[in-house]
Amino acid sequence: MKIIVLKFGGTSVGSIHRIKKVSRIIKSYSKKYKVIVLSSAMSGTTNKLINMSKQISSNFSDYEYDTLVSAGEQISCSLLAGQLLANGIKSKSWMAWQIPILTEGKHKYSRIKYINKTKVLKFLKSGGIPIIAGFQGVDKNLNITTIGRGGSDSSAIMVAKFFKAERCVIYTDVEGVYTTDPNKLKSAKKIKNISYEEMLEMASLGSKIMQPHSIQDARLNRIKIQVKSSFVNRMGTIITKRKNIINNKIITGISSTDNDAKVTLLGVKDRPGIAASIFKPLSQNLINVDMVVQNISSDGKETDLTFTIKSYDLNKTKKIINKNKSINFKKMIFDKNVSKVSIIGVGMITTPGVTFRMFQALATKNINIQVISTSEIKISVLIKKTNVTKAVKCLHQEFNLDK
Ligand code: ADP
Ligand code: ASP
Ligand code: MG
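As a starting point, this report considers the structure included with it. (Residues numbered from 1 in each chain as written. Chains lettered and ligands numbered in written order. Predicted model: local features only at pLDDT ≥ 70, side-chain atom pairs only at ≥ 80, totals over all residues. Heavy atoms only, no water.)

Concerning the pairing of strand β17 (residues 331-344)
The pairing of strand β13 (residues 253-256) with β17 spans four bridges and is antiparallel. Residue Ser 255 lies in a different strand from β17, and its bridge partner there is Ser 342. Of the pairings in the sheet, the one linking strand β14 (residues 260-269) to β17 comprises six bridges and is antiparallel in character. Residue pairing for β17: Asp 260 is matched across the bridge by Val 338. Bridge analysis of β17 against strand β19 (residues 378-384) gives seven bridges, and the strand direction is antiparallel. Bridge pairing in β19 links Val 341 to Val 381. (Pairing = 2+ DSSP bridges. Helix = DSSP H or I, 4+ residues; strand = E, 2+ residues; numbered from the N terminus.)

Topic: a positive patch on the surface
A surface patch of positive charge is lined by Lys 365, Lys 384, Lys 390 and Lys 393. On the secondary structure map, Lys 365 appears in the loop between α11 (354-364) and β18 (371-375). On the basis of relative accessibility, which here comes to 39%, the residue Lys 365 falls in the partly exposed class. (Patch = residues over 30% accessible without salt bridge, like charges linked within 9 Å, V, L, I, M, F, W, Y side chains within 5 Å. Areas by Shrake-Rupley, 256 points an atom, 1.4 Å probe, with all protein chains shown as cover. Salt bridge = Lys/Arg side-chain N within 4 Å of Asp/Glu carboxyl O. Lys, Arg positive; Asp, Glu negative; His and termini not counted. Charge placed at Lys NZ, Arg CZ, Asp CG, Glu CD. Buried < 20%, exposed > 50% of the residue type's maximum accessible area, 1.4 Å probe, protein only.)

A short note on the nonpolar core
In terms of nonpolar packing, the biggest core is built from 47 residues, with Val 5, Ile 36, Ile 115, Met 199, Ile 225 and Ile 239 touching the most fellow members. At six residues, the largest contribution of residues to this core is made by helix α6 (residues 152-162). One finds Phe 8, Val 22, Tyr 33 and Val 37 within the second-largest nonpolar core, a separate group that totals 24 residues. (Core = buried A, V, L, I, M, F, W, Y, C linked by side-chain atoms within 4.5 Å.)

Considering the site of ligand 2
Close contacts around ligand 2 come from Ser 40, Ala 41, Thr 46, Glu 73, Phe 135, Arg 149, Gly 150, Gly 151 and Ser 152, and that covers them all. Note that an oxygen atom of ligand 2 is positioned 3.4 Å from one of the backbone N or O atoms of Gly 151. Protein chains shield 86% of the accessible area of ligand 2, which is 260 Å² for the free molecule. Here the shell around ligand 2 is built from residues that sort into two nonpolar, five polar and two charged. (Near = heavy atom within 4 Å. Polar contact = N/O pair within 3.5 Å; in protein donor to acceptor, adjacent residues only side chain to side chain. Nonpolar A, V, L, I, M, F, W, Y, C, P; charged D, E, K, R; others polar.)

Here we look at helix α3 (residues 62-69)
Of all the positions in α3, only Tyr 65, Asp 66 and Val 69 are classed as buried. Taken down its axis, α3 places every buried residue within 95 degrees of arc, on the same side. Elements in contact with the buried residues of α3: α2 (45-56), α4 (71-86) and β8 (144-146). Measuring from the side-chain oxygen of the N-cap residue of α3 to the backbone nitrogen of Tyr 63 gives 3.3 Å; that N-cap residue is Ser 61. (Arc of directions from axis to C-beta. Contact = heavy atoms within 4.5 Å.)

Some words on the site of ligand 1
Near ligand 1 there are 18 residues, and of these Thr 172, Asp 173, Asp 181, Asn 183 and Lys 208 occur at the shortest range. A distance of 2.8 Å separates an oxygen atom of ligand 1 from a polar atom in the side chain of Asn 183. Between ligand 1 and Lys 208, the relevant distance is 2.9 Å, taken from an oxygen atom to a side-chain nitrogen or oxygen of the residue. Relative to its unbound accessible surface of 580 Å², ligand 1 loses 88% to contact with the protein. Grouping the constituent residues of the shell around ligand 1 by class yields seven nonpolar, seven polar and four charged.

Considering a nonpolar patch on the surface
A grouping of Ile 16, Ile 75 and Leu 79 is seen on the molecular surface, where their side chains present a nonpolar patch of about 240 Å² in accessible area. Inspection of the secondary structure puts Ile 75 in helix α4. Relative accessible area serves as the criterion here: at 44%, Ile 75 is assigned to the partly exposed category.

Overview of the sheet that holds strand β1 (residues 3-8)
Judged by pairing direction, the sheet is mixed, and its eight strands sit side by side in the order β3-β6-β2-β1-β9-β11-β12-β10 without closing on themselves. The open sheet has two edge strands, β3 (91-94) and β10 (193-195), and neither has a second partner. Taken pair by pair, the neighbouring strands of this sheet meet at an average axis angle of 20 degrees, ignoring direction. Summarising the sheet, β3 and strand β6 (residues 129-133) pair through four bridges and their orientation is parallel. From the neighbouring strand, Ser 91 faces β6, where its bridge partner is Ile 129. Docked against the sheet, helix α1 (residues 16-30) engages β1, β2 (34-39), β6 and β9 (167-172), running at close to 170 degrees with respect to β1. Of the strands in this sheet, β10 and β12 (237-240) are in contact with helix α7 (residues 196-204), which crosses β10 at around 80 degrees. (Axes fitted to C-alpha atoms, helices over the stretch in contact; angles between N-to-C directions.)

A closer look at the environment of Ile 194
If you trace the backbone, Ile 194 turns up in strand β10. In this structure, the C-alpha to C-alpha distance between Ile 194 and Thr 118, residues 76 residues apart in sequence, is 34 Å. Excluding anything up to four places from it in sequence, Ile 194 contacts Met 199, Met 202, Thr 237, Ile 238, Ile 239, Thr 240, Ile 245 and Thr 252.

This is the structure:
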């Protein structure tokens, strides 16, 4: 029998009623497959735990953070295994350290490196359904780790990889991957098939539906993903290789962010290596610089430099720049009232004029573009946060995604 991995997100296991529903979904697969289940914490639990840590200290220890926030998954997994047992189905919950799911890297942002299959395989062979905690790991020194918010998606993909599963089904609270967040735009349409590359861009550019690392891991290991709803039984979205997809649309999807900040350094003394001197200490402090624009200096002496970072990194960035003796500038200004809106689609590789159409559509709605960045399959613009809904709606129409 083939192995299938089923992952349930927080809303899918958000109440006892939901856990009962999920147990029926799991049972429906068990005749055809050997099922491995990955579960997130019940919705709201992880946030609650993080808030408690913040009430203790704004500088809460990273080691204790991982021990604390990984606890949510222990609750949901035991409830789910308990429900299956109550239904007469052999099941058992597994925390990451029991398997173990080995991680490497820093606390809070570890990555899964290796999963020992022995115990879980034995249990599967005996007819049991293992319920594995997502989001958690353990490092080589037996410390509990976590793999970043939304990380259960990655746990599921890595389990699918190590157990050579036929497919990984991501059960969530919407029917699949949509052209844009269906909870923000009513006219968003479900996408039947999407390539790993486009999904990776959408996820990295703000679409919360899948965690970006999980898509990267799935792409590298060619894991077939199906995203579907645990609330209604409908066909979801398949995430697969580009060559399996026929799509006549230029743009596949639109993403937006709500946690960006813009930093501008005015009157920076212009000399070779200046940008490197600004960004080196930021990268050493793990601050991710996203969009960058540097004005061409009119007199060859001074220039202005603008870049974006995540808004939670703003205070740290201010401190690092103010402390940086190797740069000279007149003034530093910040803006948290910005958002990045991106259009994504492999269709733009072969279609000229996409950039123009995007900019014109925004201009007709009086939306000012502050910064632009592009790659082969995406165009991103930084705009005022208050304009995001309007921008997404007009771009959705412009590229015929409503139809
Ligand atoms: P889970 O708890 O199941 O992991 P998440 O909350 O992490 O679920 O992700 C599902 C949410 O992602 C949806 O409720 C939806 O609001 C949001 N979302 C953002 N962009 C998209 C998109 N393009 N398609 C579908 N959902 C999206
Ligand atoms: N419970 C974790 C979180 O809320 C992991 C997940 O839901 O995927 O981030
Ligand atoms: Mg999620």
